[in-house]
Amino acid sequence: MTRDRIRRKNKGTDRSDPDVLLDAIRSDEDGRSRGRLKIFFGMCAGVGKTYAMLQEARMLLAEGKDVAAGIVETHGRPETGALLEGLERLPLKAVSYRGRTFSEFDLDGALRRRPAVVLVDELAHANVPGSRHIKRYQDVEELLDHGIDVYTTLNVQHLESRSLTVEEITGVPVHETVPDSVLDRAADIELVDIAPSELLKRFSDGKIYAPESAAAALRNFFRRGNVTALREMALRATAQQVNRHLTRYKAGRKIGETWKSGERLLVAVGPSPFSTQLIAWTRRMAATMNAEWMALNVETQVRLTVQQAAQLTANLHLARELGAEVAVVRAEDTVEGIVQTALANNITQIVVGKTEEGRLRTWLKGGSLVERLVRYSGNIDIYVVRGDVIPQTTRPPRRLPRLTSGRQFGVALGAIAAVVASLFAAGSLLNYLSVAMFLLFAVTLLSLWLTMGPVLFAAALSALAWNFFFIPPRYTFHIARFEDVLVFSLYFIIAIVTGTLTSRIRINKEAVRQREARAAALYAMSRALTSADSTDAIAAIAVREIDRIFDADAAVFLNAAGLPVLHHASGFSPGAKEESVVRWVAENRKPAGRFTDTLPLSDARWMPLATGRDIYGVAGVRFRRTTVFTLDKETLLENLAGQIASALERERFNGERRRADTADASERLFKTLLNSISHEFRTPLAVISGITASLTDPGLRLGGAARDALMSEVNDAANRLNGLVENLLNMSRLESGNVRPAVEWCDVSDLFQSLKRRLQREAAGRPVAFEMAPGIPIVRIDSALTEVAVGNLVQNALRYTPPETPVRVRAAVSGSDLVITVRDEGPGLPADILPHLFKKFYRAPGSAAGGTGLGLSISRGLVEAMGGRLTAANASRGGALFTVRLPAERRSVGPEESNE
């Protein structure tokens, strides 16, 4: 069997050797406190991932490494099973679920054994409910956290980001997935590859599945086209991981130059309409080269107009739709931002457009944008693309932004004029050198509020005003003394530098403030969603936070039966037109509405609340005023929508887990009830059946006394059956809430007499005493329910104490309550069972056979239905003590009512 494998191993120390990259990355990222994960990665089943993993394990074993097989699925393949011979196999854990027993990886056993390397096959496997973790990859994470290396296997279709694509290609849904972050954290990835023709031949030969199963697989999932597509996806996923490792390695080693190990393009995008042509050109070039590409915008101190911001957002949208990785960085110089980003992302080609820059500006910057890119980009190729000519009617006008050309320049002119006038009025009080300091201070103050252009204008204007009005000879621009020429030149330079630096600091401060505001918004949303315990709470938090962050009305639709339904916490109610947009977003999982190219006339912008697994709803934002939806706002809204979707997914998983736990508990209760009831019914039925057979046997001649004894046993068995049925009916009434106390006047002595008759058979020959405190009045209670509740307590005491143990039932009045206690002098109640004593079907460990475990639960339910309270404790002098407290209206006993 031939395989084309990509193996990456440490072979040396030369940083230019690509084989050394992985080992360097592992030592940089992981340290020695965390185990290392190696994934044997393939396109589908049958390529030989488990076989390759076992081969590697045997080599490690030959080198003296401590290797153990945690769980390995051979699928009955002899050659794979043969490689397991000689490897230590950790015992599997038996997990029962719905009447069946499954063998699962024993995580605790592996942690106790602590081998150096553990083999854990099928990383995407979903564990049987009842296991510690839901997925097997979570077991692997715990092993890694304990410093244990793990070898595992994974198919490309199980990657969360690829599962939907695989389903679209093959038509087969993928239920078991692994987050892509698991693959990102792997220290080693070995691609196990095989030609599609060889794989299909192995299927046909029955080496992977049984012949009948193989034929069905070849007709469905494993068609040649499907396998070829899966192979391409596996190769691409591996190449992406290699590129990530390479980027991290270079960053860790501070390697500045580009390594052209693969083609990667970057296009510089600005607010110009020409950028759309650059983006389209780069997309075509990337497709031709089969390369990845990214679109970059560099934010500088230059402020954009509303139209420019809208055009920039549209350009970046176009790049994202065409498949680019979009990035926005901040830098003082565009060339600096482009080069730094290119080096950080291992870019091999940079695409820019021709720029029209003035000669003075080009000279001041040390060359045009293209010239400086060529100078500083090192071995990165530069492509300069000429855009098509824009018609004159659409050519953007060459003018400064309205705010800068108008009000800010006016403020700069007025401020300098006012300062100059004030200083001129001071006359001889100040010499011309002191005047320069005041003017310089004024320029510095202006730079705290104005943009760069007005600040430079103020610096130049103040220098000229100082020269004209204050430097001798006055009222002329001529400077007589050489020293004054030097001072004027230094003033001009210092004014410009000070104003420029102060303006840059202010702009950078504003940028930092905006970034902090975005981070704070994301943190606030994350913290609030963490505390949410229901979908209603998540929806309410989403509406509140979006409203606060964007100063806009928010609405949330949650999926119900496959359709989006408006949540009651929403800040506005969309009309029929908006709801049609919501349905489109839910069906297509794409944004739509205002500020998008899909249904842009909508009043609100709608975002899908979706993860890689499913879509959980739609969120909408309706802005209260006309605004420009910049890329920053869009990115922030997308991140918030992602957090909301993750919270909704988490709540769904929690609900599924709760339902699974409830189903498991119900199943266990059903088994317990069935076993208990069947045993309890079988005993009296066997007695009745046996005696009936004896009485009807013509061969047996029974005398009157023997017949009466047998009939008494039949009666006892029937009473026992009746008690069981009564308990089940009482529990059913309690569960359904149909217990309605019938309160009436009752003499407690009559209640005790009825109890004695009820317990006559169970208490026969046992020291059971009924006691009443003196002066107990007639009380209003439900005597029938009280009799059942107290009777169950006495039966429990008789059943679980030795035959000679006294049992005392005592009634007294405490305040407005009737208090009935049942106390025995047996061994008492273990402290660890007290919290569970009144649970349904609970029976103490080691208790004698018999009983359903319902008696105490029914007693508490009946007492609470009457508004009372039942407690259990150990008596101070030994034995168990059960106390019933019932609220009871009472009246004094008259002479004619007393019982003596």
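For the structure itself, look to the data block above.
The model shown is predicted, which means the values in this text are computed figures rather than measured ones. (Residues numbered from 1 in each chain as written. Predicted model: local features only at pLDDT ≥ 70, side-chain atom pairs only at ≥ 80, totals over all residues. Heavy atoms only, no water.)

Student: Could you give me a rundown of helix H20 (residues 535–550), with the residues and numbers involved?
Tutor: Spanning 16 residues, H20 covers 22 Å between terminal C-alpha atoms, matching the ideal 22 Å at 1.5 Å per step. Directly after H20, the chain includes Asp551, whose backbone phi takes a positive value near 50 degrees. (Helix = DSSP H or I, 4+ residues; strand = E, 2+ residues; numbered from the N terminus. Expected span 1.5 Å × (residues − 1).)

Student: If you had to explain the sheet that holds strand S25 (residues 869–874) to someone new, which residues and values would you point to?
Tutor: The strand order S21-S23-S24-S26-S25 describes an open sheet built from five strands, whose pairing is mixed. A single partner strand is all that each edge strand has here, and the edge strands are strand S21 (768–772) and S25. With strand direction ignored, the average angle separating the axes of adjacent strands in the sheet is 15 degrees. As paired strands, S21 and strand S23 (residues 807–814) are joined by five bridges and run parallel to one another. When the bridges of S23 are listed, Glu771 appears paired with Arg810. The strands touched by helix H24 (residues 748–758) are S21, S23 and strand S24 (817–824); relative to S21, the strand with the most contacts, the crossing angle is about 170 degrees. Contacts from helix H26 (residues 855–865) reach S25 and strand S26 (880–887) within the one sheet, and its direction differs from that of S25 by about 135 degrees. (Pairing = 2+ DSSP bridges. Axes fitted to C-alpha atoms, helices over the stretch in contact; angles between N-to-C directions. Contact = heavy atoms within 4.5 Å.)

Student: Outline the packing of helix H11 (residues 275–289) against helix H12 (residues 306–321), listing residues and values.
Tutor: Between H11 and H12, the shortest axis-to-axis distance is 10 Å and the interhelical angle comes to 10 degrees. As judged from the angle between their axes, H11 and H12 are roughly parallel. Only Gln311, Asn315, Leu318 and Ala319 of H12 make contact with H11, whose side of the interface consists of Ser275, Thr276 and Ile279. The residue inventory of the contact of H11 with H12, partitioned by class, reads three nonpolar, four polar and no charged. (Parallel < 35°, antiparallel > 145°, perpendicular 65-115°, else oblique. Nonpolar A, V, L, I, M, F, W, Y, C, P; charged D, E, K, R; others polar.)

Student: Please give an account of the environment of Arg224 that cites residues and values.
Tutor: Here Arg224 lies in helix H10 (residues 224–253). Note: C-alpha distance between Arg224 and Pro196 (28 residues apart in sequence) is 6.8 Å. For Arg224, the residues in contact, after removing those within four places along its chain, are Ser197 and Leu200.

Student: Can you tell me about the nonpolar core, naming the residues and giving the values?
Tutor: Burial of nonpolar side chains together is a common tendency in soluble globular proteins. In this structure, Phe41, Met43, Leu119, Leu143 and Leu154 are the most contacted members of the largest nonpolar core, which totals 61 residues. Judged by nonpolar contacts, the second largest core, of 43 residues, contains Val779, Val788, Leu837 and Leu856. (Core = buried A, V, L, I, M, F, W, Y, C linked by side-chain atoms within 4.5 Å. Buried < 20%, exposed > 50% of the residue type's maximum accessible area, 1.4 Å probe, protein only.)

Student: Break down the pattern of salt bridges for me, citing the residues and quoting the values.
Tutor: All told, the structure shown has 26 salt bridges when counted by the stated rule. Note that Arg622 and Asp553 form a salt bridge whose closest N and O atoms lie 3.2 Å from each other. Linking Arg622 in strand S19 (residues 615–623) with Asp553 in strand S15 (residues 552–560), this pair joins segments that are 69 residues apart in sequence. Assessed through its relative accessible area of 30%, Arg622 is described here as partly exposed. Put simply, Arg589 and Asp614 hold a salt bridge, and the shortest N to O gap is 3.6 Å. Residue Arg589 is found in the loop between helix H21 (576–588) and strand S17 (592–593), and its partner Asp614 is found in the loop between strand S18 (605–610) and S19; the two are separated by 25 residues along the sequence. The class of Arg589 is partly exposed, set by a relative accessible area of 31%. Judged by relative accessible area, which is 25%, Asp614 ranks as partly exposed. Several salt bridges share partner residues, and in doing so they unite Arg34, Glu141, Asp145 and Arg185 into one network. (Salt bridge = Lys/Arg side-chain N within 4 Å of Asp/Glu carboxyl O.)

Student: Before we move on, can you summarise the packing of aromatic side chains with the specific residues and values?
Tutor: Applying the stated rule across the entire model yields 17 aromatic pairs. A centroid spacing of 6.5 Å and a plane angle of 85 degrees characterise the contact between Phe550 and Phe623, whose relative ring orientation is edge-to-face. With Phe550 in helix H20 and Phe623 in strand S19, this residue pair connects regions lying 73 residues apart in the sequence. You'll find Phe550 and Phe623 in the same group, each marked buried. A ring pair is formed by Phe572 and Trp606, whose centres lie 6.0 Å apart and whose planes are at 50 degrees; its orientation type is tilted. (Phe/Tyr/Trp six-rings, centres within 6.5 Å; stacked < 30°, edge-to-face > 60°.)

Student: Can you explain the environment of Ala641? Please cite residues and give values.
Tutor: Inspection of the secondary structure assignment puts Ala641 in helix H22 (residues 631–695). With relative accessibility at 5%, the residue Ala641 sits in the buried group. In the structure, Ala641 is positioned 22 residues away from Ala619 in sequence and 7.3 Å away in space, judged by C-alpha atoms. With near-sequence residues (within four places) excluded, Ala641 lies in contact with Met607, Pro608 and Leu609.

Student: Any details on empty space enclosed by the protein? Residues and values, ideally.
Tutor: Regions of empty space are outlined by a rolling probe, equal in size to a water molecule, passed over the atoms. As enumerated under the stated definition, the model contains two cavities of 30 Å³ or more in all. The space that makes up the second largest cavity amounts to roughly 40 Å³. The wall of the second largest cavity is formed by ten residues, among which Arg34, Leu37, Leu144, Arg185 and Ala186 lie closest to the centre. (1 Å grid on protein atoms, 1.4 Å probe; cavity = no way out; pocket = protein on both sides within 12 Å on 5 of 7 lines; lining within 4 Å. Points joined across faces, edges and corners; volume = space filled by probe spheres on them.)

Student: Any chance you could break down the packing of H24 against helix H25 (residues 783–799) for me, citing the residues and the numbers?
Tutor: The geometry of H24 relative to H25 is characterised by a closest axis approach of 10 Å and an angle of 50 degrees between their N-to-C directions. Here H24 is positioned oblique relative to H25, judged by the angle of their axes. For the pair H24 and H25, the sense of crossing is right-handed. Here Leu751, Ser754, Leu755 and Arg758 of H24 lie close against H25, whose contacting residues are Ser783, Thr786, Glu787, Val788, Val790 and Gly791. (Left-handed = near helix turned anticlockwise from the far one by under 90°.)

Student: Now, about the pairing of S23: what can you tell me, with residues and values included?
Tutor: Note that S23 and S24 share eight bridges and pair antiparallel. Residue Val813 lies in a different strand from S24, and its bridge partner there is Leu818. Between S23 and S24, which pair antiparallel and follow one another directly, the connecting turn spans two residues, one of which, Gly815, has a positive phi of 65 degrees.

Student: Outline the sheet that holds S19, supporting the account with residue identities and numerical values.
Tutor: Sheets are built from strands that pair by backbone hydrogen bonding, the pairs being arranged parallel or antiparallel. Taken in spatial order, the five strands line up as S16-S15-S19-S18-S17 in an open sheet, and their pairing is antiparallel. In this open sheet, the two edge strands, each paired with only one partner strand, are strand S16 (563–566) and S17. Two strands pair when backbone bridges link them, and S17 and S18 are joined in this way by two bridges, in the antiparallel orientation. Looking across to S18, one finds that Ala592 is bridged to Trp606. The sheet contacts of H20 involve S15 and S19, and relative to S15 the element is tilted by about 155 degrees.

Student: Residue-level account of helix H18 (residues 452–469), with values.
Tutor: Taking 1.5 Å per residue as the helical rise, H18 with its 18 residues ought to reach 26 Å, and the 26 Å between its terminal C-alpha atoms agrees with that figure. Every buried residue belonging to H18 is among Met452, Pro454, Val455, Ala458, Ala459, Ser462, Ala463, Ala465, Trp466 and Asn467, and all of these are buried.

Student: With reference to specific residues and values, describe a nonpolar patch on the surface.
Tutor: On the surface, a nonpolar cluster with roughly 450 Å² of combined accessible area is contributed by Phe441, Leu445, Leu448 and Trp449. With respect to the secondary-structure elements, Phe441 resides in helix H17 (residues 432–446). (Patch = residues over 30% accessible without salt bridge, like charges linked within 9 Å, V, L, I, M, F, W, Y side chains within 5 Å. Areas by Shrake-Rupley, 256 points an atom, 1.4 Å probe, with all protein chains shown as cover.)

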